[in-house]
Amino acid sequence: MLTLKWPRLESLGMNYRQIIAESWKYTQSNKRLIIWFGFLSCLLTTTVGVGYIAYQFFALKSSYLFSSEDHSFLSQVVGVIVDFVKLHLSLTIPLGVFVVIFAILYFLYPTLAKAAAIQIIARNKNGQKAGVGTGLRHGMMSFLPLLEYHFLIKTFSFFSILVEMSFVLRNLGPVLFKIFLPLFILLIIIGFVLTLLFTYTDFYIVIDNEPVFSAMKKSAKMVVMHWKYTFLISILMLIIGLRIILQVIMVFLIPALIVLITGYLATVTLPVTGVIIGGIVGFVALLLAAYLTGIVEIFSYTVWTYTFLEVTQEKDLSARESAEARTTVSHEVPEQSSSES
């Protein structure tokens, strides 16, 4: 019988299994953290993500590659919005205010939620009592630098590159898309390397109050000096993330089947009833997907916060420093302090 063995991670100086276990236990015992800084944040990002993916799908479907129509999908959307405004003028201002508030929350709150969550997790790890209010208060201190970093690095994210690839394919055609494909592959590789190098940037900004470029520099140095730690934790989190992604897909797949069935029945019997049922099922699926994703977010923040606190405690030896001298000093310091007391 074939059995898979995990590498002896403890030999690298860090007990990864203990970090994963403690992080999961901490996540499960902090429901308020999940609700305020996981669920609400992921509800915003998931809603926009679903809408953006739907737009990309229909825009590609309506392009000249798959359709003979002269107008683009964007022009159709604008036309629908204009017609809605003309027919429902009284609803335009309330909906406009709602869209503006939603957009502000989408661009600002996920970053604030991440800063607050990291503050709470780090302070609880170090024995401090910190709740939602403490996290928000201290998270706001690092909110602007963290927001600046997120806008700076977002260009190289995998999702952004996919959107750019879709734009080129829709508007410039498959011939030019093939020409630009090596460039896109290079950008994906560069994005992956930068994501790995800047793994600890958020934590340097939030926990140590480092400026953006200083945090990026220290993160890159930390990853290079402790690449085994970062790589192995990244692999573990990727495996866990893939499992959760499959669960989220199932969450959306089952309601999608229900919506398709109710949509078919609606065309045969009652259209309004089918739309209402589909909307309710879709909304429940969105809430459930956001909650599951929120759990993963807080769990991921906890794992990386614990790893960051653990790794930054280790001091690297210089080329002139003796390993034996360092060991001797570390053993003598407690004895000296005890004798003085």
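Taken as a whole, this structure holds three salt bridges when the rule is applied. For Lys125, the salt bridge goes to Glu22, with nearest N and O atoms at 3.4 Å. Highlighted residues: Lys125 in helix 4 (residues 89-125) and Glu22 in helix 1 (residues 16-28), separated in sequence by 103 residues. Taking relative accessible area as the criterion, Lys125 reaches 38% and is therefore assigned partly exposed. In this structure, Glu210 and Lys218 form a salt bridge, with 2.6 Å as the shortest nitrogen-oxygen distance. Assessed through its relative accessible area of 16%, Glu210 is described here as buried. Owing to a relative accessible area of 35%, Lys218 belongs among the partly exposed residues under this scheme.

Over its 32 residues, helix 2 (residues 31-62) runs 43 Å from end to end, which matches the ideal 46 Å to within 8%, given 1.5 Å per residue. Maximum bend of helix 2: about 30°, positioned at Gly38. Taken residue by residue, helix 2 has Leu33, Ile34, Phe37, Gly38, Phe39, Ser41, Cys42, Leu44, Thr46, Gln56, Ala59 and Ser62 as its buried positions.

Its place among the elements puts Ser160 in helix 7 (residues 158-197). Residue Ser160 is classed as buried on the basis of its relative accessible area of 17%. Polar side-chain contacts of Ser160 include one of 2.9 Å to the backbone oxygen of Lys154. Sequence-distant contacts of Ser160, that is, excluding residues within four places in its chain, are made with Lys154 and Thr155.

Time to look at the packing of helix 4 against helix 5 (residues 132-139). It is at 8 Å that the axes of helix 4 and helix 5 come closest, and there the two elements cross at 120°. Between helix 4 and helix 5 lies a crossing whose hand is right-handed. Together, Leu112, Ala115, Ala116, Gln119, Ile120 and Arg123 of helix 4 and Val132, Thr134, Gly135, Leu136, His138 and Gly139 of helix 5 make up the contact between the two elements. Looking at side-chain class alone, the contact of helix 4 with helix 5 contains six nonpolar, five polar and one charged residues.

Mapped onto the secondary structure, Tyr52 falls in helix 2. The class of Tyr52 is partly exposed, set by a relative accessible area of 36%. Along the chain, Tyr52 and Val163 lie 111 residues apart, while their C-alpha atoms are 9.4 Å from each other. The residues contacting Tyr52, other than those within four sequence positions of it, are Phe159 and Val163.

The next subject is the packing of aromatic side chains. Per the counting criterion, the structure on display carries ten aromatic pairs. Each ring, one from Tyr200 and one from Trp304, has its centre 6.0 Å from the other, and the planes form 75°; the classification is edge-to-face. One end of the pair, Tyr200, is in the loop between helix 7 and helix 8 (201-207); the other, Trp304, is in helix 11 (residues 271-313), with 104 residues separating them in the sequence. What makes Tyr200 buried here is its relative accessible area of 0%.

Further remarks concern the nonpolar core. Counting residues in each nonpolar core, the largest one holds 45 residues, and the members touching the most others are Leu33, Phe37, Tyr149, Tyr200 and Ile298. Residue assignment for this core shows that the elements contributing at least two residues are helix 1, helix 2, helix 4, helix 6 (143-153), helix 8, helix 9 (212-225), helix 10 (227-268) and helix 11. Broken down by element, this core gets its largest block of residues, ten residues, from helix 11. In this structure, Phe37 is in contact with Arg32, Tyr109, Ala113, Ala116, Ala117, Ile120, Val132, Leu136 and Ile298, ignoring residues within four places of it in sequence. If you look at the next biggest cluster of nonpolar residues, it comprises five residues, including Ile161, Val168, Phe177 and Phe184.

Across the chain, the average pLDDT comes to 78, with 73% of residues at 70 or higher. Averaged pLDDT values for the elements of the chain fall to 47 in helix 12 (residues 323-340) and rise to 94 in helix 8. Ignoring residues within four places in sequence, the model shows residues 1-12, a span with pLDDT below 50, making eleven contacts including any to other chains. Taken together, the stretch residues 329-341 has pLDDT below 50 and engages in zero contacts with residues farther than four places along the chain or on a different chain.

About the criteria used
Residues numbered from 1 in each chain as written. Predicted model: local features only at pLDDT ≥ 70, side-chain atom pairs only at ≥ 80, totals over all residues. Heavy atoms only, no water. Salt bridge = Lys/Arg side-chain N within 4 Å of Asp/Glu carboxyl O. Helix = DSSP H or I, 4+ residues; strand = E, 2+ residues; numbered from the N terminus. Buried < 20%, exposed > 50% of the residue type's maximum accessible area, 1.4 Å probe, protein only. Expected span 1.5 Å × (residues − 1). Bend = angle between axes of the 7 residues up to and from the residue. Polar contact = N/O pair within 3.5 Å; in protein donor to acceptor, adjacent residues only side chain to side chain. Contact = heavy atoms within 4.5 Å. Axes fitted to C-alpha atoms, helices over the stretch in contact; angles between N-to-C directions. Left-handed = near helix turned anticlockwise from the far one by under 90°. Nonpolar A, V, L, I, M, F, W, Y, C, P; charged D, E, K, R; others polar. Phe/Tyr/Trp six-rings, centres within 6.5 Å; stacked < 30°, edge-to-face > 60°. Core = buried A, V, L, I, M, F, W, Y, C linked by side-chain atoms within 4.5 Å. pLDDT = per-residue confidence, 0-100.

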